[in-house]
Amino acid sequence: MIKPHALLAALALAAPLHAQTAVDTSGSGALITEAVERSEVMGNLRHLSDVIGPRLSGAPAMRRANQWTAERFRSYGLTAGLEAFDFGVAWERGPLELRIVQPFDRAMTGHSWAWTAGTGGKAREGPVVLVDLSTRDSLGRYLERVRGAWVLPKLSTPIWNPDGPPATPQDSGRIAAITAARATLTADTSAAAVLERRQFQIDLPFILQEAGALGTLVDGGKEHGLMTMSGSPNRVSPLPNIVISHEDYTLLERLIQRRVVPRLASKVENKLGGSRVRQWNTVAEMKGSELPGQVVILGAHLDSWDLGTGVTDNGAGSMVVLEAARVLARSGLKPKRTIRFILFGGEEQGLIGSRAYAAAHAGQADSVQAVLVIDNGTGRIVGQALQGRADLEDTWRALLAPVAHLGAATVRAAMKSGTDHLSFAFYGIPAFNFDQDPRGYFHTHHSESDTFDKAVGDDLAQASAVMAVTAYQLANLPGLLPRGLKPGPERIPNRPSQGVAGGK
Ligand SMILES: [Zn+2]
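Residues numbered from 1 in each chain as written. Predicted model: local features only at pLDDT ≥ 70, side-chain atom pairs only at ≥ 80, totals over all residues. Heavy atoms only, no water.

Novice: Got a sec to walk through empty space enclosed by the protein? Specific residues and values, please.
Specialist: Within this structure, the stated rule accounts for 1 cavity of 30 Å³ or more. The volume enclosed by the largest cavity comes to roughly 50 Å³. Taken together, Ser 304, Trp 305, Asp 306, Leu 307, Gly 308, Thr 309, Gly 310, Asp 313, His 446, Ser 447 and Asp 450 make up the lining of the largest cavity. Here the residues of the lining of the largest cavity are counted per class, giving 2 nonpolar, 6 polar and 3 charged. (1 Å grid on protein atoms, 1.4 Å probe; cavity = no way out; pocket = protein on both sides within 12 Å on 5 of 7 lines; lining within 4 Å. Points joined across faces, edges and corners; volume = space filled by probe spheres on them. Nonpolar A, V, L, I, M, F, W, Y, C, P; charged D, E, K, R; others polar.)

Novice: So what's going on with the pairing of strand S8 (residues 241-244)? Residues and values would help.
Specialist: A regular strand places its side chains so that they alternate between the two faces of the sheet. Here S8 shows no split at all, with Asn 241 and Val 243 on one side and Ile 242 and Ile 244 on the other all buried. Sheet topology places strand S4 (residues 110-112) next to S8; 3 bridges connect them, and they run antiparallel. Within S8, the position partnered with Gly 110 by the bridge is Ile 244. In this sheet, S8 lies alongside strand S7 (residues 215-219) in parallel orientation, the contact comprising 4 bridges. (Buried < 20%, exposed > 50% of the residue type's maximum accessible area, 1.4 Å probe, protein only. Helix = DSSP H or I, 4+ residues; strand = E, 2+ residues; numbered from the N terminus. Pairing = 2+ DSSP bridges.)

Novice: How would you explain unusual backbone geometry if you had to name every residue and give the values?
Specialist: Each neighbour pair has its own omega, and for Gln 102 with Pro 103 the value is 10°, a cis peptide bond. Checked against the element boundaries, Pro 103 lands in the loop between strand S2 (96-102) and strand S3 (106-107). Cis geometry is adopted by the peptide bond preceding Asn 314, which originates at Asp 313 and carries an omega value of 0°. Relative to the helices and strands, Asn 314 is located in helix H10 (residues 311-331). Residues other than glycine seldom take positive phi values, yet Trp 115 does so here, at roughly 60°. Tracing the sequence through the fold places Trp 115 in the loop between S4 and strand S5 (124-130).

Novice: Tell me about the packing of aromatic side chains, and name the residues and values.
Specialist: A complete count under the given rule lists 8 aromatic pairs for this structure. Summarising the aromatic geometry, the rings of Phe 73 and Phe 341 are spaced 6.1 Å apart at their centres and angled 35° between planes, so their arrangement reads as tilted. You can see Phe 73 sitting in helix H5 (residues 60-75) and its partner Phe 341 sitting in strand S12 (residues 337-344), a full 268 residues away along the chain. Each member of the pair Phe 73 and Phe 341 is classed as buried. Three or more aromatic residues joined by ring pairs make a cluster, and in this case those are Phe 87, Trp 91, Trp 115 and Trp 305. Above the face of the Trp 280 ring, Arg 63 is positioned so that its terminal group lies 4.1 Å from the ring centre. The ring centre of Phe 442 lies 4.9 Å from the NZ or CZ of Lys 222, which sits over that ring. (Phe/Tyr/Trp six-rings, centres within 6.5 Å; stacked < 30°, edge-to-face > 60°. Lys NZ or Arg CZ within 6 Å of the ring centre and 35° of its normal.)

Novice: So what's going on with the pattern of salt bridges? Residues and values would help.
Specialist: Within this structure, the stated rule accounts for 23 salt bridges. Linking Arg 276 and Asp 86 is a salt bridge whose minimum nitrogen-to-oxygen distance equals 2.9 Å. Of the two residues, Arg 276 is situated in strand S10 (residues 271-286) and Asp 86 in strand S1 (residues 79-92); the sequence distance between them amounts to 190 residues. On the basis of relative accessibility, which here comes to 44%, the residue Asp 86 falls in the partly exposed class. Where Arg 355 meets Glu 490, a salt bridge forms, and the shortest distance between an N and an O atom there is 2.9 Å. In this pair, Arg 355 sits in helix H11 (residues 352-360) while Glu 490 sits in the segment after helix H15 (457-476), placing the two residues 135 residues apart along the sequence. Judged by relative accessible area, Glu 490 falls into the partly exposed class, the value being 31%. Each of Glu 34, Arg 38, Glu 323 and Arg 326 takes part in one network of salt bridges that share partners. (Salt bridge = Lys/Arg side-chain N within 4 Å of Asp/Glu carboxyl O.)

Novice: Tell me about the coordination of the zinc ion, residues and numbers included.
Specialist: Coordination of the zinc ion by the protein comes from His 301 (NE2), Asp 313 (OD), Asp 375 (OD) and Asp 375 (OD), over a distance range of 2.0 to 2.6 Å. Taken together, the 4 donor atoms coordinating the zinc ion and their angles of 51 to 141° define a geometry best described as irregular. Ordering the donors of the zinc ion by residue number gives the pattern H-x11-D-x61-D. Within this pair, whereas His 301 is found in strand S11 (residues 291-301), its partner Asp 313 is found in helix H10, the two being separated by 12 residues in sequence. Of the two residues examined, His 301 and Asp 313, each falls in the buried class. (Donors = N, O, S within 2.8 Å, 3.2 Å for Na, K, Ca; no water. Tetrahedral: all angles 85-135°; square planar, octahedral: opposite > 155°, others 65-115°.)

Novice: Can you explain the sheet that holds S7? Please cite residues and give values.
Specialist: Strand order in this open sheet of 8 strands is S3-S2-S9-S5-S6-S7-S8-S4, and the pairing throughout is mixed. The open sheet has two edge strands, S3 and S4, and neither has a second partner. Along the sheet face, helix H9 (residues 246-257) touches S2, S3, S5, strand S6 (150-152), S7, S8 and strand S9 (263-268) and points at about 70° away from the line of S5. (Contact = heavy atoms within 4.5 Å. Axes fitted to C-alpha atoms, helices over the stretch in contact; angles between N-to-C directions.)

Novice: Please give an account of the sheet that holds strand S13 (residues 368-373) that cites residues and values.
Specialist: Two modes of strand pairing occur in sheets, parallel and antiparallel, and in both the strands are linked by backbone hydrogen bonds. Ordered in space as S1-S10-S12-S11-S13-S16, the 6 strands form an open sheet in which the pairing is mixed. Strands with a single pairing partner mark the edges of an open sheet, and in this sheet they are S1 and strand S16 (431-433). For this sheet the average axis-to-axis angle between neighbouring strands, irrespective of direction, equals 20°. Relative to S16, S13 runs parallel, the two being bridged by 3 bridges.

Novice: Describe the nonpolar core, naming the residues involved and giving the relevant values.
Specialist: Membership of the largest hydrophobic core comes to 64 residues, with the highest contact counts inside it found for Phe 73, Phe 341, Leu 372, Trp 396 and Met 467. By residue number, the principal contributor to this core is H15, which donates 11 residues. Apart from residues no more than four positions distant in its own chain, Met 467 is found in contact with Leu 298, Val 320, Val 321, Ala 324, Leu 372, Val 373, Ile 374, Ile 381 and Phe 434. Leu 98, Leu 130, Leu 214 and Leu 217 belong to the second largest nonpolar core, which has 18 residues in total. (Core = buried A, V, L, I, M, F, W, Y, C linked by side-chain atoms within 4.5 Å.)

Read these as spatial facts, not as claims about activity.
Okay, here's the thing in structure tokens:
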């Protein structure tokens, strides 16, 4: 015989999903008004980007950003602190000189890929070779050609000149063929294939160094000289790797294809830390009034690359999360569940801060209502990608209903990668990354032009409203959202394979 209240609980469990996810939209109006009419997001973003500056993981500016954001959360009445995690070795960018010395002499602009070595204080000069190092097989075919050379590891990225005539069907066909060929290299998304590709990226510079290469070059891959950046303590390279503009990369490529051998000279000085360091996530909280043990998480990464000042990636998202906290606190509304605000560190180096956070709190995974991450630039939120949770489509339509008039209305079936929501999805937590208006994100992403003048204030105010409203509604839902699949965290290689020079 089931006891009466147990019966109710069973019934509740048996109650249809829409009953558990009946969205209470009250309070939305007040949150929207506070976010749109009294926004503080641009003031905070200006301080973060123009005063604290670029926030490379492991650098003092990142620590300053952690401390400053914690203080801001506290100034809005929330509890806030820093949660440490093991990051890996730190890396410091040093001076870099680069010249093309043949067939003509001219300085070239370049930036070291992060967590890569320098030239040991000496200039290295040599020919440039174009090879295909996309797989272990192709590496085997080209290895003997890299001795004493600077290496272009693949053909350039097809970038159409935006100011020229439009691409002809033949041009589009050629570009599509190159893009399709590249996509086949990462088509296999099985855990084993992903692991092998990551391991190969770690091994490659050690193999090239052993074969006598001087260094490698990266195509900036954007228009008008804009560059990109990446690198990680999980992929430390003993070989210089320098990103140059698409214009210079294609110059070298064309010369080689016309059998004119270009020569480069470069001197690079970077510092690699000798021991592992900690980094921090800034964590703030607004305790729930009825279900304080259940949590809605709003997140964005606070770290950035250092060619610009990390505005669209991801100072904007971080300040939207901070602003959502201010708006909720200022509204006086009391969410039933706790709302937690996390500004992650180490995202650009491979979601290191969010992976560490999710792992450290894995025991509470089943009481996390949802994780909402923003990390697609300065544009307004246009909707949500369901991340494989088709069962939550109606829920998301209901959650976005109060902000649809602000332009956040679309709900689409899509799996989004490359940011911190992934770290939580491994534990079955409903985790999402909002869709945003691109606002030229392709240009600013990891580039020199990722600066405060690119920030769009009205869009960020709208995004703050959307995050505050959806978080508040999720905090007040009658029940917890159903859990997703729990594949468990991925294995992340961080050293060369055995048998590879430098491998242990
Ligand atoms: Zn980002």
